[in-house]
Amino acid sequence: MTVHFIGAGPGAADLITLRGLRLIERCPVCLYAGSLVPEEIVKAAPEGARVLDTAPMHLDEIIAEMQAAHERGEDVARVHSGDPSIYGATAEQMRRLDALGISYDVTPGVPAFAAAAAALKTELTVPEVCQTIVVTRTAMKSSAMPEGEDLATLGQSGATLAIHLSIRNLAHIERELGPLPAYGPDCPVIVAYRVGWPDEQFIRATLSTVARAVREAKLTRTALVFVGRALGAKDFVDSKLYDASHPHILRPVRKAKSAS
């Protein structure tokens, strides 16, 4: 048997990959993060499947379900929100499975920052404004941030920051990024709430106003915070990708036609 770690995407049921959906449709065991994965997705599990919401379960209980499925020879669909490689707590599960000799694989999913950018109809990398995206979080009640990964350090890059798990830490974000030349109090901020769900919401603000805007909207969880000058940028140069004067291997220099 195999444990299939599957990224379900950020919310909308039709944003899961075909591979992920097909795995769910054939696995007799489905373990899913119920607070973040739409019920519609796990309804695709086969009739009679053992479908469990892991939100109230701890790691030992989750691994025990996988081990029991292994003993029965039944594949497991382990469904996470977004993409399993980003804040999915998959590494600790894989470490346990390695120790038990249980095989597993991973099917990627649409990460929340990509789905939010799509919904906003915006590009997070803008020519000569920003060409880097940093996916990070801040330390609150979860595990501490490693040394050198604080916002003040990451902010030296001037990158577009996609800050997860930090909707209740906006004052800290302002304190860390506000004094930096690449950002500043007037730097654009977009808070993306429950991207892909029916109650999806976006708040546009600046570093100096975002905390109040979010407080007024009464958002306390399940949101992603974007910070950066690329957000909504209008006055920027065209990229070289489609520039007629910029040849490349797939678009060589075109010779002018001679007059006949």
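Definitions and limits used
Residues numbered from 1 in each chain as written. Predicted model: local features only at pLDDT ≥ 70, side-chain atom pairs only at ≥ 80, totals over all residues. Heavy atoms only, no water. Helix = DSSP H or I, 4+ residues; strand = E, 2+ residues; numbered from the N terminus. Buried < 20%, exposed > 50% of the residue type's maximum accessible area, 1.4 Å probe, protein only. Contact = heavy atoms within 4.5 Å. Areas by Shrake-Rupley, 256 points an atom, 1.4 Å probe, with all protein chains shown as cover. Salt bridge = Lys/Arg side-chain N within 4 Å of Asp/Glu carboxyl O. Polar contact = N/O pair within 3.5 Å; in protein donor to acceptor, adjacent residues only side chain to side chain. Domains from an automatic or database assignment. Buried area = accessible area lost by both parts, 1.4 Å probe. Core = buried A, V, L, I, M, F, W, Y, C linked by side-chain atoms within 4.5 Å. Pairing = 2+ DSSP bridges. Axes fitted to C-alpha atoms, helices over the stretch in contact; angles between N-to-C directions.

Asks: Looking at this structure, I do not really get the overall build of the protein. What am I missing?
Replies: Along the protein, the regular secondary structure elements total eight helices and ten strands. Along the longest, intermediate and shortest principal axes, the C-alpha atoms of the protein span 75 × 60 × 35 Å. Expressed as a percentage of its 260 residues, the buried residues of the protein come to 42%. Counting contacts in the protein only where the partners sit at least 6 residues apart, residues at least 24 apart contribute 67% of the total. Working note: accessible area of the protein is about 14500 Å², and carbon and sulfur atoms make up 52% of it.

Asks: What exactly am I supposed to notice about the pattern of salt bridges here?
Replies: Two side chains that carry opposite charge are able to pair once their charged atoms sit near each other. All chains considered together, the criterion is met by six salt bridges. The salt bridge involving R194 is made with D199; its shortest N-O contact spans 2.8 Å.

Asks: How do you make sense of the side chain of Q93 when you look at a structure like this?
Replies: Residue position: Q93 is located in helix α4 (residues 90-100). Only 3.0 Å separates the side chain of Q93 from the side chain of R78, close enough to count as a polar contact. For Q93, the residues in contact, after removing those within four places along its chain, are F5, L59, I62, I63, M66, R78, H80 and G88.

Asks: What is the right way to look at the domain arrangement of the protein in this model?
Replies: In many reports, interface size means the accessible area that the parts give up when they come together. Segmenting the protein into domains produces domain 1 (3-107) and domain 2 (112-232). The distance between the C-alpha centroids of domain 1 and domain 2 comes to 29 Å. Across the boundary between the two partners, domain 1 contributes nine residues, which contact 13 residues of domain 2. Both sides together, the interface formed by domain 1 and domain 2 hides about 800 Å², and carbon and sulfur atoms give 70% of it. Its largest share of buried area at the contact with domain 2, domain 1 owes to P10, I86 and Y87, together 59% of the area lost on that side. Scanning the region where domain 1 abuts domain 2 turns up zero salt bridges.

Asks: Could you clarify how one ought to interpret unusual backbone geometry in this entry?
Replies: Glycine aside, negative phi is the norm for most residues, and most peptide bonds take the trans geometry. For Y87, which is not glycine, the phi dihedral falls at a positive 50°. A positive phi angle, near 55°, is found at A89, a position not held by glycine. Counting through the fold element by element, A89 comes out in the loop between β4 (76-80) and α4.

Asks: In this structure, what is going on with the environment of L165? I would like to understand it.
Replies: For L165, the location among the structural elements is in the loop between β7 (160-164) and α7 (170-177). Put simply, L165 and T222 are 57 residues apart on the chain and 7.3 Å apart in space, counted from C-alpha to C-alpha. The contacts of L165, once residues within four sequence positions are left out, are Y87, R137, T138, M140 and A223.

Asks: For this particular structure, what's the right way to read the nonpolar core?
Replies: What tends to happen in soluble globular proteins is that the nonpolar side chains get buried as a cluster. Judged by nonpolar contacts, the single largest core of 26 residues is most densely connected at I173, L177, V191 and V227. Leave out the neighbours within four places in its chain, and V227 touches A159, T160, L161, I163, I173, L177, Y183, C187, P188, V189 and L207. Among the nonpolar cores identified, the runner-up in size contains 15 residues, and A8, I41, A45 and V79 belong to it.

Asks: Just to check I follow, could you spell out the sheet that holds strand β3 (residues 50-53) for this structure?
Replies: Backbone-to-backbone hydrogen bonds pair the strands of a sheet. The strands run either parallel or antiparallel. Spatial ordering of the open sheet is given by β3-β2-β4-β1-β5, a layout of five strands whose pairing is parallel. If you trace the sheet from one side to the other, it starts and ends with β3 and β5 (104-107), each paired once. In this sheet, neighbouring strand axes are inclined to one another by 15° on average, regardless of whether the strands run parallel or antiparallel. Packed onto the sheet, helix α1 (residues 18-26) meets β1 (3-7), β4 and β5 and runs at close to 135° relative to β1. Along the sheet face, helix α3 (residues 59-72) touches β1, β2 (29-32), β3 and β4 and points at about 165° away from the line of β2.

Asks: Where do I start with the sheet that holds strand β10 (residues 223-227) in this structure?
Replies: Sheet architecture is open: five strands sit in the order β6-β7-β10-β8-β9, paired in mixed fashion. This sheet does not close on itself; its edge strands, each paired only once, are β6 (133-137) and β9 (201-206). Across this sheet, the average inter-strand angle for adjacent strands is 20°, counted without regard to direction. Sheet analysis places strand β8 (residues 188-193) next to β10, joined by five bridges and oriented antiparallel. Looking at the pairing, V189 lines up with V227 of β10.

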